Amino acid sequence: MAPVRILLCDDHAVVRAGLLALLGSEPDIEVVGEAGTGEEAVAMAAKLRPDVGLMALQRGGGIDGGEATRRIATPEVHVLVLTTYDTDADITRAIEAGATGYLLKAERPEELFAAIHAAAQGRTALSAPVASRVMDRMRGTGRPTLTERERDILGQLARGLGNREIARALFISEATVKTHLGRIYAKLGVDTRAGAVAVAKEQRLLP
């Protein structure tokens, strides 16, 4: 069988170099191009017509990974998202954009190779944590339960306030704010303030 032809898109040069070395160790996978921006990925996909676009959900200016996925994904070119972002909002956006699979960078190399081959055949490939969250959402059990205080803090986060400002606004200590933030992050499955706000907006958790 011919090797799976890969277009690699990641905005971090060091990450791309590591993935190139890793994928180069597999004889049945061939990297035919690499892109550092969404714009480059879209242009190269149109020119190279790879089997799989391995797409990071890069942030910043220009076309992000979600929009690049939407522009690249076709019945012939499948997109496998490979990212550190695992919020419900990111997962939903990527899948709605046409991604065939969604893999976290914490996966073992053999899991990545298997996902690439699955994506090349048009089969869904999801990291176990992602698959679990998708199933929870489909069952209607994915909406987290927050306390009234946690909802208050989320509301202040959405306003762009820092920990000290939140503490003053709610008449609590900064240590208490940090404790609540840790619980909020755990319940929402995120690790950043922006991620918490994004999930809260998506699931209508804001007060």
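Structure: above.
Throughout what follows, the structure given in this document is the object of discussion. (Residues numbered from 1 in each chain as written. Predicted model: local features only at pLDDT ≥ 70, side-chain atom pairs only at ≥ 80, totals over all residues. Heavy atoms only, no water.)

Next up on the list: the packing of helix H7 (residues 148–158) against helix H8 (residues 163–170). Between H7 and H8, whose axes approach to 10 Å, the crossing angle comes to 125°. Compared by their axis directions, H7 and H8 come out oblique. Taken as a pair, H7 and H8 cross one another with a handedness that is right-handed. Facing Arg149, Asp152, Ile153, Gln156 and Leu157 of H7, the residues of H8 in contact are Ile166, Ala169 and Leu170. (Axes fitted to C-alpha atoms, helices over the stretch in contact; angles between N-to-C directions. Helix = DSSP H or I, 4+ residues; strand = E, 2+ residues; numbered from the N terminus. Parallel < 35°, antiparallel > 145°, perpendicular 65-115°, else oblique. Left-handed = near helix turned anticlockwise from the far one by under 90°. Contact = heavy atoms within 4.5 Å.)

Our next topic: the nonpolar core. Across soluble globular proteins, you tend to see nonpolar side chains buried next to one another. Core analysis: the biggest nonpolar cluster contains 20 residues, and Ile153, Leu154, Leu157, Ile166, Leu181, Leu188 and Ala196 have the highest contact counts within it. Every element with two or more residues in this core is listed here: H7, H8, helix H9 (174–188) and helix H10 (193–202). Excluding its chain neighbours within four sequence positions, the residues that come into contact with Ala196 are Leu154, Leu157, Tyr185, Leu188 and Val190. Counting 18 residues, the second-largest nonpolar core is a separate cluster that includes Ile6, Ile29, Leu80 and Ala118. (Core = buried A, V, L, I, M, F, W, Y, C linked by side-chain atoms within 4.5 Å. Buried < 20%, exposed > 50% of the residue type's maximum accessible area, 1.4 Å probe, protein only.)

Here we take up the sheet that holds strand E4 (residues 78–83). To summarise the sheet geometry, strands pair through backbone hydrogen bonds and adopt either a parallel or an antiparallel arrangement. Strand order in the open sheet formed by 6 strands is E2-E1-E3-E4-E5-E6, and the pairing between neighbours is parallel. Looking along the sheet, the strands with just one partner apiece sit at the ends: strand E2 (29–35) and strand E6 (125–126). As defined by bridge partners, strand E1 (residues 4–9) adjoins strand E3 (residues 52–55) across 4 bridges and the pair is classed as parallel. The residue of E3 that forms the bridge with Cys9 is Met55. Packing against the sheet, helix H2 (residues 38–48) makes contact with E1, E2 and E3, and its axis sits at approximately 135° to E2. Contacts from helix H3 (residues 65–72) reach E3 and E4, with the element oriented near 175° to E3. (Pairing = 2+ DSSP bridges.)

Quick look at the pattern of salt bridges now. Taken as a whole and assessed by the stated rule, the structure comprises 10 salt bridges. The closest approach of N and O atoms between Asp10 and Lys105, which form a salt bridge, is 2.8 Å. Note that Asp10 is positioned in the loop between E1 and helix H1 (13–24) and Lys105 in the loop between strand E5 (101–104) and helix H5 (109–120), a separation of 95 residues in sequence. For Asp10, a relative accessible area of 2% corresponds to the buried category. For Arg16, the salt bridge goes to Glu34, with nearest N and O atoms at 2.9 Å. (Salt bridge = Lys/Arg side-chain N within 4 Å of Asp/Glu carboxyl O.)

Turning next to the packing of H9 against H10. In contact at an axis separation of 10 Å, H9 and H10 are set at 55° when each is read in the N-to-C sense. Taken as axis vectors, H9 and H10 run oblique relative to one another. The handedness of the crossing between H9 and H10 comes out as left-handed. Residues Leu181, Tyr185 and Leu188 of H9 touch H10, and the partners they reach there are Arg193, Ala196 and Val199. Residue classes in the contact of H9 with H10 are distributed as 5 nonpolar, no polar and 1 charged. (Nonpolar A, V, L, I, M, F, W, Y, C, P; charged D, E, K, R; others polar.)

What follows deals with the environment of Arg16. For Arg16, the position within the fold is in helix H1. Distance in space between the C-alpha atoms of Arg16 and Ile29 is 15 Å, their sequence separation being 13 residues. With sequence-adjacent residues up to four places away left out, Arg16 is seen in contact with Leu8, Asp10, Asp11, Glu34, Ala35 and Gly36. Within the local environment of Arg16, its side chain forms a polar contact with the backbone oxygen of Asp10, the two atoms lying 2.7 Å apart. (Polar contact = N/O pair within 3.5 Å; in protein donor to acceptor, adjacent residues only side chain to side chain.)

These figures capture arrangement, not role.
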